[in-house]
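Letter by letter, the chains look like this.
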Amino acid sequence: MTSTGYTCGAILFIIFTMVGFIGNSITTVALLRDRNIRQHSTTAFILSLCISDLIFASFCLPVTAAAFLNSELMHHDPICKLYGSTTYINFAITTFSITAIAVNRYILIVHNSLYKSMYQKSVVFCQLLVIWILPPALMSIPLTDNWGTISRYKRLCRIMEKDGESIEDLLFVIGIIAPCFIITVLYSCIYYTVRQQLRTVALQTSCPSNSQAVESHLTRMTLLIFVSFVLGCLPLVIEHFWFGGNEVGTTFCSILTIINPFIYATTNRKYRAAYAKLFSDMKFWSLSLFTRETDIK
């Protein structure tokens, strides 16, 4: 990449930083302030996603921008290891949180009778522990120079081979490929189940137009989830396995920190109401403006 390319990349990451920080901060505060929303088990995983993306936007993206502007930054080993490990850990937590949301939706829709027993507070807490403990535990291996090491690659840092061995491929499988496969299967099952339910309801109530509208909304939302995940993960996987790089893939992964809050929060009317209440209390905009927008959507 040329110096001009690095400069443009740095500007892009600065924009990602601001948008990602603001979007995830607003979503986190809005959801935490709403008692009714906090009681839903899905909210715990959405908050996990937002907090992970908030950390990524607050630390990883600014450091990436700085590294693009200063080619000597990652020559400092402590900074390199901290940046590399934090990037891998946060991206894994993000993908695990997205997967947990997919599993949550799958159990709710496809196996509704099991939902209450599987998503008690203690069970949700254990799932969140796994989401936040497993990535750092895996990263402790190359961080201590076992099965690879974290070192400088071009202007960024990544897991490199040590003594001909590296755990990076395994981490890509655990953190990206496996979650992508699970999400694809689960959302396909969800779509098929809901589609069958809507057809049954339409036949019984003779209201096909309303069912078609709901089905159309489900299709758009599911497609949006698929596209966002693929846009963020696929370029990184391709660049890693076929080109051995990480700079372009990192850019696409950063997109996830921007669009996740809008996909998983703004597609729900209760979440939009939580946004409206937050902005209304902040006295920046009137509640009526957001109420009208919610009604229209």
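Okay, so let's go over this structure.

Thresholds, definitions, all that
Residues numbered from 1 in each chain as written. Predicted model: local features only at pLDDT ≥ 70, side-chain atom pairs only at ≥ 80, totals over all residues. Heavy atoms only, no water. Pairing = 2+ DSSP bridges. Helix = DSSP H or I, 4+ residues; strand = E, 2+ residues; numbered from the N terminus. Phe/Tyr/Trp six-rings, centres within 6.5 Å; stacked < 30°, edge-to-face > 60°. Buried < 20%, exposed > 50% of the residue type's maximum accessible area, 1.4 Å probe, protein only.

1. Comments concerning the pairing of strand 1 (residues 149-153)
Point 1. Where strand 1 and strand 2 (residues 156-160) come together, 5 bridges link them in antiparallel fashion. When the bridges of strand 2 are listed, R152 appears paired with C157.

2. Points about unusual backbone geometry
Point 1. Phi at D145 is positive, roughly 65°, even though this residue is not glycine.
Point 2. Take D145: it is sitting in the loop between helix 6 (121-143) and strand 1.
Point 3. Despite not being glycine, D163 shows a phi value in the positive range, around 60°.

3. Details of the packing of aromatic side chains
Point 1. Taken as a whole and judged by the stated rule, the model has 5 aromatic pairs.
Point 2. Ring geometry for F13 versus F16: centroids 6.1 Å apart, planes at 90°, classification edge-to-face. Taken as a pair, F13 and F16 lie in helix 1 (residues 3-33) at a separation of 3 residues, close to a single helical turn.
Point 3. According to the relative accessible area criterion, F13 is buried, its value standing at 1%.
Point 4. Their ring planes at 85° and their centres at 5.4 Å tell us that F13 and F68 sit as a pair that is edge-to-face. Residue F13 is found in helix 1, and its partner F68 is found in helix 3 (residues 41-69); the two are separated by 55 residues along the sequence. Across this residue pair, the class does not change: F13 and F68 are buried.
Point 5. Aromatic rings pair up to connect Y6, F13, F16 and F68 into one cluster.

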